[in-house]
Amino acid sequence: MKKFSPFQYVLAWSVHAFTASGMIFGFLAILAIQSRDFAQVFVWLTVAFLVDAIDGTLARAAKVSEVLPNFKGESIDHVIDFANYAIIPAYFIHEADLLPADFKLLGISGILLVSCYYYGKTTYVTHDFYFEGFPILWNFVAFYLYFVFDFSTTTNMVLLFFICILSILPWKYPYPSQTKEYRLLTFTVLFFIAIGIIGTVVTFPEKNYWIQLCSYIGIVYIFGMTIFKTFFSKMKD
């Protein structure tokens, strides 16, 4: 059995602690929702998202699975992801009055039940490393509904259920950290999305045309690539 130094153990546990910090940022987002400081909500959710984006790389660099073979960081990750990408955004959508008053619980139930279904699948990634079905990223949906779009609550409800259906359909959505095809283009678009989110939160409640444009570029690319890979790429094959 391979032996590791005390420093390697400390490093491995530190990576797990870093992953777990995502739950703390999620809790801070809940407090911000209760205070109705909706811009601050997405400051914390964005920080949590960044933690989630880089903790895997840190874990591989620190050889966490080898140093701590009896402790699964993936389990922590799934718990935090479900909280930050499903439960907390659902709570935000409820409290921000984005849905018709009489149908709030119905809409939130749709989000949570579809999220449970998605996480219950044996795999939600295709053989070529695309998400199968619209990924459980209700934090982004909540952001767009509140900060970017200006739809009625009824339209929001219809859009929400449409996204629920998309999560079930086996369409292929880009998985930025895994999908190898068009990676440079995907990361370029993610850069624009980041500008859109950060810029919108910083300038809120004012709206800037160029910042809004960055947010729309993200939507067009994600769904454009999804349609291309799901339908037209099959025709080429």
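Structure shown above.
My aim in this report is to walk through the structure given alongside it, one point at a time.

About the criteria used
- Residues numbered from 1 in each chain as written.
- Predicted model: local features only at pLDDT ≥ 70, side-chain atom pairs only at ≥ 80, totals over all residues.
- Heavy atoms only, no water.
- Helix = DSSP H or I, 4+ residues; strand = E, 2+ residues; numbered from the N terminus.
- Expected span 1.5 Å × (residues − 1).
- Bend = angle between axes of the 7 residues up to and from the residue.
- Buried < 20%, exposed > 50% of the residue type's maximum accessible area, 1.4 Å probe, protein only.
- Contact = heavy atoms within 4.5 Å.
- Phe/Tyr/Trp six-rings, centres within 6.5 Å; stacked < 30°, edge-to-face > 60°.
- Lys NZ or Arg CZ within 6 Å of the ring centre and 35° of its normal.
- Salt bridge = Lys/Arg side-chain N within 4 Å of Asp/Glu carboxyl O.

## Observations regarding helix α4 (residues 73–95)
Point 1. In this model, α4 (23 residues) spans 32 Å end to end at C-alpha, consistent with the 33 Å of a helix rising 1.5 Å per residue.
Point 2. Along α4, the sharpest kink reaches roughly 35°, centred on Ala83.
Point 3. Within the span of α4, buried status applies to Ile80, Asp81, Phe82, Ala83, Asn84, Tyr85, Ala86, Ile88, Pro89, Ala90, Phe92 and Ile93.
Point 4. On the buried face of α4, the contacting elements are α1 (6–34), α2 (38–61), α5 (104–120) and α6 (138–148).
Point 5. At the exit of α4 stands Asp97, carrying a positive phi of roughly 55°.

## Notes on the packing of aromatic side chains
The geometry of an aromatic ring pair is captured by the separation of the ring centres together with the interplanar angle, meaning the angle of the planes.
Point 1. As enumerated under the stated definition, the model contains 30 aromatic pairs in all.
Point 2. Measuring from ring centre to ring centre gives 4.1 Å for Phe131 and Tyr175, while their planes differ by 15°; the resulting arrangement is stacked. Placement of Phe131 in strand β1 (residues 130–132) and of Tyr175 in the loop between β2 (172–174) and α8 (183–203) is noted, with a sequence separation of 44 residues between them.
Point 3. Given a relative accessible area of 11%, Phe131 falls into the buried group.
Point 4. Chaining the aromatic ring pairs together yields one cluster made of Phe38, Phe42, Phe92, Phe143, Tyr144, Tyr146, Phe147, Phe149, Phe151, Phe204 and Tyr216.
Point 5. Between the NZ or CZ atom of Lys121 and the centre of the ring of Tyr118, over which it lies, the distance is 4.4 Å.

## A look at the pattern of salt bridges
Point 1. On inspection of all chains with the given rule, the structure shows six salt bridges.
Point 2. Between Lys121 and Glu132 there is a salt bridge, with the nearest N and O atoms lying 3.7 Å from each other. One end of the pair, Lys121, is in the loop between α5 and β1; the other, Glu132, is in strand β1, and eleven residues separate them in sequence.
Point 3. Judged by relative accessible area, which is 16%, Lys121 ranks as buried.
Point 4. Judged by relative accessible area, which is 28%, Glu132 ranks as partly exposed.
Point 5. Three or more residues joined by partner-sharing salt bridges are found here, namely Arg36, Asp97 and Lys104.

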